[in-house]
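Letter by letter, the chains look like this.
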Amino acid sequence: MSKQKKCEIKHLHLSFSDLCGGNCLYCPEVRATSNKGDRIMREETFNRILNYVLQSSIKDTLKTITISENGNCFLNKNIINYLRTIRQKLPEVKTIAYINPQGSQRYQEDITKENLLDDIWVNIDTLDKEYNKFLSKIDYLFAFESLEKLVDLRKKYQSNFKIHVLTLTLKKYLDICKKRTGDYPLRLKNNSQFNPKLIKDDYRKVKRKIKPLLSKGDSINRSFIYLWAEYQNIKTPRLNYNCPMLNAFDENIFINPDGKLYLCCYDSNYNLSYGNIKEKSIGELIFSQKRKELIELLKNREYLKIGFPCQYVQLCQREKPTLRAKIISRMKRYSWGKFVVNKLKREI
Ligand code: SF4
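Residues numbered from 1 in each chain as written. Predicted model: local features only at pLDDT ≥ 70, side-chain atom pairs only at ≥ 80, totals over all residues.

**Observations concerning the overall build of the chain**
Counting secondary structure elements, the chain contains 13 helices and 9 strands. The dimensions of the chain, computed from C-alpha atoms along their principal axes, are 55 × 50 × 45 Å. Within the chain, the proportion of its 348 residues that are buried is 33%. A fraction of 74% describes how many contacts in the chain between residues 6 or more apart in sequence connect residues 24 or more apart. (Helix = DSSP H or I, 4+ residues; strand = E, 2+ residues; numbered from the N terminus. Buried ≥ 20, exposed ≤ 12 C-beta atoms within 10 Å, placed from the backbone. Contact = placed C-beta atoms within 7 Å.)

In structure tokens form, the structure reads like this:
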């Protein structure tokens, strides 16, 4: 076995809830169905995690806590209390949430007034009613109104959290899916209303509408596209890829609502779990044999031995950057380049 790199946990990803009514096109249908325990994180589990962090060396290395892993965190009615506790006990740690507007509205005022989050991420994938039908059960006009409300509250309470909008357009998803799996998305295959020829890319339209709401430090970008929902389209798995999380394992811990630790955020059904904090401490689990063996198999590309989801490692890969993206990233290394890129962005 090769030597294990020192663990220095910087990012804690908690799933306050792994329930979600979004039913998005790009979300795996089997998400979190293996969880026969708590689907909403109980106070006891949350306190156990936080107490461990406070009493261990993780306290000194931790930089961020994300509360919305693999589900809609706003379905946990303790969300405000948990966030208050994090702020009080770990004031230096950045708090991050991906907002699903379903259920978030009633908490927005407290979050904003008390500055409980530092970064809020929100997906607005379209503002077109027809495309919305194929993309998600979340009404994007409702998502847009929710964003407007958040912006108003931020102004009212002079809060300083940043808003980051991600847009995953239907057209882009279809193109990438077709290119990399040879087929259209699984959730659309039997949809008689779906006609790929009629779908256009609406990223610029979405961006134009959202940009005026955003302030300095906020952002709107296309979302990266992973095809974790499309594994059933893969006939012959291709295993000659590296696991893209290899360098992230020693800095990230993922914990589901029941207290299970798992390796990777693409593992939406906890197949890569290496134990539960109800049975062992976080420290014991991080240094457990099971976790070491899993990482070793991933390093050696022995994906078939692990099975699902790693046997579909080809779907975990980010798409290669376009020539345009490569040029922009090169330009951004210089101050003149940053100036030009920002100017062009403002004019789009
Ligand atoms: S190969 Fe496995 S561990 Fe690596 S990113 Fe994919 S699902 Fe996660």
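Further notes follow.
**Overview of the nonpolar core**
If you look at the biggest cluster of nonpolar residues, it comprises 72 residues, and the most contacted ones within it are L14, V122 and I124. Beyond its immediate sequence surroundings of up to four residues, L14 is in contact with M41, I49, I65, T66, I67, E69 and I255. (Core = buried A, V, L, I, M, F, W, Y, C linked by C-beta atoms within 7 Å.)

**Thoughts on unusual backbone geometry**
Here the residue pair F308 and P309 is connected by a cis peptide bond, since its omega of 0 degrees sits within 30 degrees of zero. Position of P309 among the secondary structure elements: in the loop between α11 (303-306) and α12 (323-331). A positive phi angle is found at A32, which is not glycine, with a value near 60 degrees. Along the chain, A32 turns up in the loop between β1 (11-14) and α1 (43-55). The class for A32 is buried, based on 20 C-beta atoms found within 10 Å. The phi angle at R301 is positive, at roughly 55 degrees, despite the residue not being glycine. Its location among the elements puts R301 in the loop between α10 (289-299) and α11.

**Digging into helix α6 (residues 140-157)**
Its 18 residues place the ends of α6 25 Å apart at the C-alpha level, agreeing with the 26 Å of an ideal helix rising 1.5 Å per residue. Every buried residue belonging to α6 is among Y140, A143, S146, L147, L150 and R154, and all of these are buried. End-on, the buried residues of α6 take up no more than an arc of 105 degrees, which puts them together on one face. What points out from α6, more than 90 degrees from its buried face, is the exposed set E148, K155 and K156. Packed against the buried residues of α6 are α4 (105-113), β4 (119-123), α5 (129-135) and β5 (162-167). Q158 occupies a position one or two residues after α6 and carries a positive phi of about 50 degrees. (Expected span 1.5 Å × (residues − 1). Arc of directions from axis to C-beta.)

**Comments concerning the environment of N100**
For N100, the location among the structural elements is in the loop between β3 (94-99) and α4. Its 24 C-beta neighbours within 10 Å are what place N100 among the buried residues. In sequence terms N100 and C73 are 27 residues apart; their C-alpha atoms lie 8.1 Å from each other. Not counting residues up to four positions away in its chain, the partners in contact with N100 are C20, G22, N72, F74 and I138.

**Here we look at the sheet that holds β1**
Strand order across the open sheet formed by 9 strands is β6-β5-β4-β3-β2-β1-β7-β8-β9, with mixed pairing between neighbours. The sheet is open, and its two borders are formed by β6 (219-222) and β9 (273-276), each paired with just one other strand. The mean inter-strand angle of the sheet, taken between neighbouring strand axes irrespective of direction, is 20 degrees. (Pairing = 2+ DSSP bridges. Axes fitted to C-alpha atoms, helices over the stretch in contact; angles between N-to-C directions.)

**Notes on the pairing of β4**
Direction of pairing for β3 relative to β4: parallel, over a ladder of 4 bridges. Bridged to Y98 within β4 is W121.

**Concerning the site of the ligand**
Inspection of the region around the ligand gives 13 residues, with C243, C264, Y266, C310 and C316 positioned closest. When grouped by side-chain class, the residues that make up the shell around the ligand number 12 nonpolar, no polar and 1 charged. (Near = placed C-beta within 6 Å. Nonpolar A, V, L, I, M, F, W, Y, C, P; charged D, E, K, R; others polar.)

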